[in-house]
Every structure is written in structure tokens, then in C-alpha cells.
Amino acid sequence: MEHIATPAWAMLAYLIAGVFFIFALRGLSSPSTSRQGNRFGMAGMLIAVVTTLLLKAPVPEGQFLPAPTPDDLIILAQISGAIAIGAIIGLTTAKRIAMTDMPQLVAAFHSLVGLAAVLVAAAAFLNPDAFGILLPNGTINPVSRVEMGLGIAIGAITFSGSVIAFAKLNGNMSGAPIMLPGRHIINLGTLVAIIGLTAYFTQDQAPWVFWTITALSFIIGFLLIIPIGGADMPVVVSMLNSYSGWAAAAMGFTLHNTAMIITGALVGSSGAILSYIMCKAMNRSFISVIAGGFGAAPEAGGGEAKAQRPWKRGSAEDAAFLLKEAENVIIIPGYGMAVAQAQHILREMADVLKKEGVNVKYAIHPVAGRMPGHMNVLLAEANVPYEEVFELEDINSEFAQADVAFIIGANDVVNPAAKTDKTSPIYGMPVFDVEKAKTVFFIKRSMGGVGYAGVDNDVFYMDQTMMLLADAKKMVEDIVKALQH
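Here is what the cut-offs are and how they apply
- Residues numbered from 1 in each chain as written.
- Predicted model: local features only at pLDDT ≥ 70, side-chain atom pairs only at ≥ 80, totals over all residues.
- Heavy atoms only, no water.
- Helix = DSSP H or I, 4+ residues; strand = E, 2+ residues; numbered from the N terminus.
- Buried < 20%, exposed > 50% of the residue type's maximum accessible area, 1.4 Å probe, protein only.
- Contact = heavy atoms within 4.5 Å.
- Areas by Shrake-Rupley, 256 points an atom, 1.4 Å probe, with all protein chains shown as cover.
- Lys, Arg positive; Asp, Glu negative; His and termini not counted.
- Salt bridge = Lys/Arg side-chain N within 4 Å of Asp/Glu carboxyl O.
- Pairing = 2+ DSSP bridges.
- Expected span 1.5 Å × (residues − 1).
- Patch = residues over 30% accessible without salt bridge, like charges linked within 9 Å, V, L, I, M, F, W, Y side chains within 5 Å.
- Axes fitted to C-alpha atoms, helices over the stretch in contact; angles between N-to-C directions.
- Parallel < 35°, antiparallel > 145°, perpendicular 65-115°, else oblique.
- Left-handed = near helix turned anticlockwise from the far one by under 90°.

A. Examining the overall build of the protein chain more closely. A tally of helices and strands in the protein chain yields 18 helices and six strands. When burial is assessed residue by residue, the protein chain has 45% of its 485 residues classed as buried. The long-range share in the protein chain, meaning contacts at least 24 apart out of those at least 6 apart in sequence, stands at 78%. Total accessible area on the protein chain stands at roughly 22900 Å², and carbon and sulfur atoms take up 65% of it.

B. Looking closely at the side chain of Glu 147. Position of Glu 147 relative to the elements: it lies in helix α5 (residues 142-170). The buried charged residue Glu 147 lacks any salt bridge, with Arg 145 as its nearest oppositely charged partner at 11 Å. Excluding its chain neighbours within four sequence positions, the residues that come into contact with Glu 147 are Ala 250, Met 251, Phe 253 and Thr 254.

C. Broad picture of the pairing of strand β1 (residues 328-333). A large share of β1 lies buried, amounting to five of its six residues. Inspection of the sheet shows β1 paired to strand β2 (residues 359-364) by four bridges, in the parallel sense. Residue pairing across strands places Val 329 opposite Val 360, the latter belonging to β2. Sheet topology places β1 next to strand β4 (residues 404-408); five bridges connect them, and they run parallel. Counted as the bridge partner of Val 329 is Val 404 from β4.

D. Region of the structure containing helix α8 (residues 233-255). For α8, spanning 23 residues, the distance from its first C-alpha to its last is 32 Å, which sits close to the expected 33 Å at 1.5 Å a residue. Counting buried residues in α8 gives 17 out of 23 residues, a clear majority hidden from the surface. Just downstream of α8 lies His 256, where phi reads positive at about 55°.

E. Spotlight on a nonpolar patch on the surface. A cluster of nonpolar side chains, namely Leu 12, Leu 15, Ile 16, Val 19, Ile 22 and Phe 23, defines an oily patch on the protein surface of about 530 Å² accessible area. Looking at where Leu 12 falls in the secondary structure, it is placed in helix α1 (residues 8-28).

F. Representation of the sheet that holds strand β6 (residues 465-469) in the model. Spatially, β3-β2-β1-β4-β5-β6 is the arrangement adopted by the six strands of the open sheet, whose pairing is parallel. The strands lining the two open edges of the sheet, one partner per strand, are β3 (389-391) and β6. Going from strand to strand, the sheet's axes swing by 25° on average, the running direction of each strand aside. In this sheet, β3 lies alongside β2 in parallel orientation, the contact comprising three bridges. Bridge pairing links Ile 364 to Glu 391 in β3. Helix α12 (residues 316-325) rests against β1, β4, β5 (439-444) and β6 of the sheet, and its axis sits at about 140° to β5. Each of β1, β2 and β3 touches helix α15 (residues 374-381); the most contacted strand, β2, lies at about 145° to it.

G. Expanded view of the pattern of salt bridges. Applying the stated criterion to the full structure yields 10 salt bridges. Notably, a salt bridge pairs Asp 403 with Lys 438, separated by 3.3 Å at the nearest N-O pair. Taken together, the residues Asp 403 in the loop between α16 (392-395) and β4 and Lys 438 in the loop between α17 (417-420) and β5 connect sequence positions 35 residues apart. The buried category is assigned to Asp 403, whose relative accessible area is 15%. According to the relative accessible area criterion, Lys 438 is exposed, its value standing at 57%. Close ionic contact of Asp 471 with Arg 445 constitutes a salt bridge, the shortest N to O distance being 2.9 Å. Taken together, the residues span a long stretch of sequence, with Asp 471 in the loop between β6 and α18 (472-483) and Arg 445 in the loop between β5 and β6 at a distance of 26 residues. Look at the salt bridges and you will find they share partners, linking Arg 347, Asp 351, Lys 354 and Glu 388 into a network.

H. Inspection of unusual backbone geometry at higher detail. Unusually for a residue other than glycine, Gln 341 sits at a positive phi of about 55°. Mapped onto the elements of the fold, Gln 341 is located in the loop between α13 (335-340) and α14 (343-355). Even without being glycine, Asn 383 reaches a positive phi, approximately 60°. Looking at the element boundaries, Asn 383 is found in the loop between α15 and β3. With a relative accessible area of 60%, Asn 383 lands in the exposed category.

I. Structural context of the packing of α12 against α18. Closest axis-to-axis distance for the α12/α18 pair is 8 Å, and the angle between their directions is 55°. With respect to each other, α12 and α18 are oriented oblique. Between α12 and α18 lies a crossing of right-handed hand. Only Met 475, Asp 478, Ile 479, Ala 482 and Leu 483 of α18 make contact with α12, whose side of the interface consists of Ala 316, Glu 317, Ala 319, Ala 320, Leu 323 and Lys 324.

Read these as spatial facts, not as claims about activity.
Below, the structure written as C-alpha cells:
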């Protein structure tokens, strides 16, 4: 089957869809424009899907909408059914998913993108004539074989890696690094084998080559993610996002679909840039994260001796009194706030304080939570003014002038061990200088818990720290009641 050139109108439609996707990324770069960005993305995807369906419709010369044949009706019913099932799952999930589970959802969606790339590559290999990649001599076009090899490799790695990321984020698997003996040699050898077999696939399209690439790619996806510690999950999520984009782009070449190429390239490049930004925020190299170096020292970060150190316990009334007397308060939210769904009552507390003349700001760490922008989304959901939310590099110098550092559910991002303890798994990661504040309120459920990186925190035991041990939402509710009396 010869590949039919894409009509000019379809190329224009794909170009318009690509522009909408660019606008979507632009809008998603800021909480204030994120909803508009989502609308652009939805519009672009609608244009791309409709255009692709029209391209595949059998159009006799001189007609635009021909009378469908029975086979056409069957295909249309299958496509419509698949779209309906996907739409129902998507709408139901979007309505029911809690914000705390958003990282798991993103990882799950990445796995589906990777699996789709694998299935498309498999379909193209098993029925190349339907994809227009079969040469007259009965072999698959060598260029298409490269595209298929890359697509299935990246897709399989994305799928299996996302499954592991989901399991770690969802608590089905320990967030601690799982270190296999000789893992670097195994990983490197597997990657070399995949690359070598992909090159050999251009010369020999034997089924064993194709399916061996597939199997090895699924395996390396698992091997790459299981040694990565929980504290690195935000980087893993953005990295898998990038992988899913490149998998889609590779399959776009196989399907001769311009929209998939554009979309995949945009997602792949933006995800790679985000991964770089996240690594920079943690003072880590991308290679060190992938190698599982971060969080690789389970013995670091202190032990039983630290658990016996003296600490102060405060109450909601203590916190309310000092917060009302303060001039500058900096709130540092973390995953614990998300779990307790305390963002709305937290904003209410801030509103009460502002009425008392207190200057309130929010400090957001790039890797707070379980995915990039997790805290930003939660605060935006609670209608926290954007001008009150600051990134680490913009607000860290202000802790020395802060009367209160109010930590709610964060841990690793305020741990001074990142600056002082070279044996700590978080050493080198930029953290908030909360120890410079006059008073620190630290909300957590119990003294027994540690952050996602699994290390103790010296802030718990500082003279100016009061530990507020309770559910984050309940504690803030009690503080708000005390402030209003």
C-alpha cells in the first residue's frame, strides 16, 4: 500500500491544532491562566481527532461525504465506542479523583500513553500494509522499522516505569529505593541490547527481534524506576511525561500523523525541560536521579538517638496568640496539607490574619508534594491570591525577617540536613531557611513520622519550634476558632 499524501486542508488543521497546544502549554505555565490553557488544549485535541477521522473516511473523487459501506459503519461504531468508553472513564475519573491522588493519576495516564505506543507499533509490525509502510518486495520500510523500534522501546519503558511510579505514589510499593546488586551494569547492558537490536531490526525484521526489543524495554522500565527514592518522585513524574511525548512522536511518524508528531514533540520537550528544572531545584543531575543515587543511603539521616531529643509541644491557642501578634508570617505547605485537604481552611486562617494586619505569604518548594506544581494547584483550588504565592528563590531570604514560619505537612523541603549532613539522602537539595524565623510552628500527625525521603528533621528540636501534633485540617480549624475569639 502506498502512503497517500496528507491534503492541504488537513495539514492546515493540524497546524492550527499545534498552535492551540502551544497556547495550552503557555497557559499552563501559570495558575492564573491554567484554565484557559486547558481549554486551548481541549480545542486543539478536538481539531486533531476530528481531522484524523475525516482523513480516514473513504472519499470518492468529487465527493466529500460518501455513502458509508457496511465495513465503514463497523469501523465507525468501533471508533465511536472507543471514544465513548474513554470519555466516560475520563469524566468519571476527573470528577471523583481527589487532589491528593493527582500524582498517581498522572502516572497512570502516562502508562496508558506508553501502552498505546506499544500497541500501535505492534499493529504496524503485524499488519504493515494497512499503515502504508510495506515495500513491494514484501518487507517493511527500514525507516519505519527504526520508528517502530524507537516507539515501542520508549512506549514500553514509559508504561512499566509509570506502573512502578504509580505503585510508589499510591503506597502499593515502598517509596524507599530498591537497590538491586549490580543494577548499573544490568541497566546499561539492557539499554545497549535494546539499541543494538533496534539497529539490527533495520536489517532483519524477524519477529524474534521485534518482540525481544519489546520485552527488554518493559524490563528496563521497571529496573530504571525501582531504585529511585520517593523524594525524587516529582522528577520521575515529569521525566515519564517527557517519555510519553517522545513515544507519541515516534508513533506519529509511523502513522504519518502530523498532529501526533507535533503534540509528542511538545510534550516530550516540555517534560524534559521541566525535569531539568526540577533537578536543578534539588541540586541534582538528571543522570544521578535516573541512576537512583538520590535516597540511596537508607542509613543516613539519623536514628534512634534523634527520636529521644527534647522538643516542645504547642496548642492551637499558642499558635493563634503568636500568629495574631506577628507582623510577617510565611506559610510552607507540603503533602501533609494535601492529604488532610486543609488548603481551604488554611486560606481562611490567612484571611483572618490579614484582617488583623498580618502580612501573610506562601512559600512553595519546586518539589513539594508528589508532582511538579502540586502545592500551586491546591492553593489555586482554595482561591489563594497568586500574588501571595512565592517560589523558593524569591522568598528564602525573607525568613530572617519572619516572625512565624508556619509549616503544614512539609518536611524534606525544610530539613536543614540538606545543607549540613553530607550523609543525608537529601544533601545538596535547596531547602527553606525556616530555622532563621523567630518562631516555627510545625504541623504533623506525630513525632514518629518522617518525610518522604525517610530522614529525621532537626527543625523539630529547635528552641523556637512548637510542634502542633494533629491532623492538619483539624489543627488549622482550631487555630481559626482561637483567632476569632
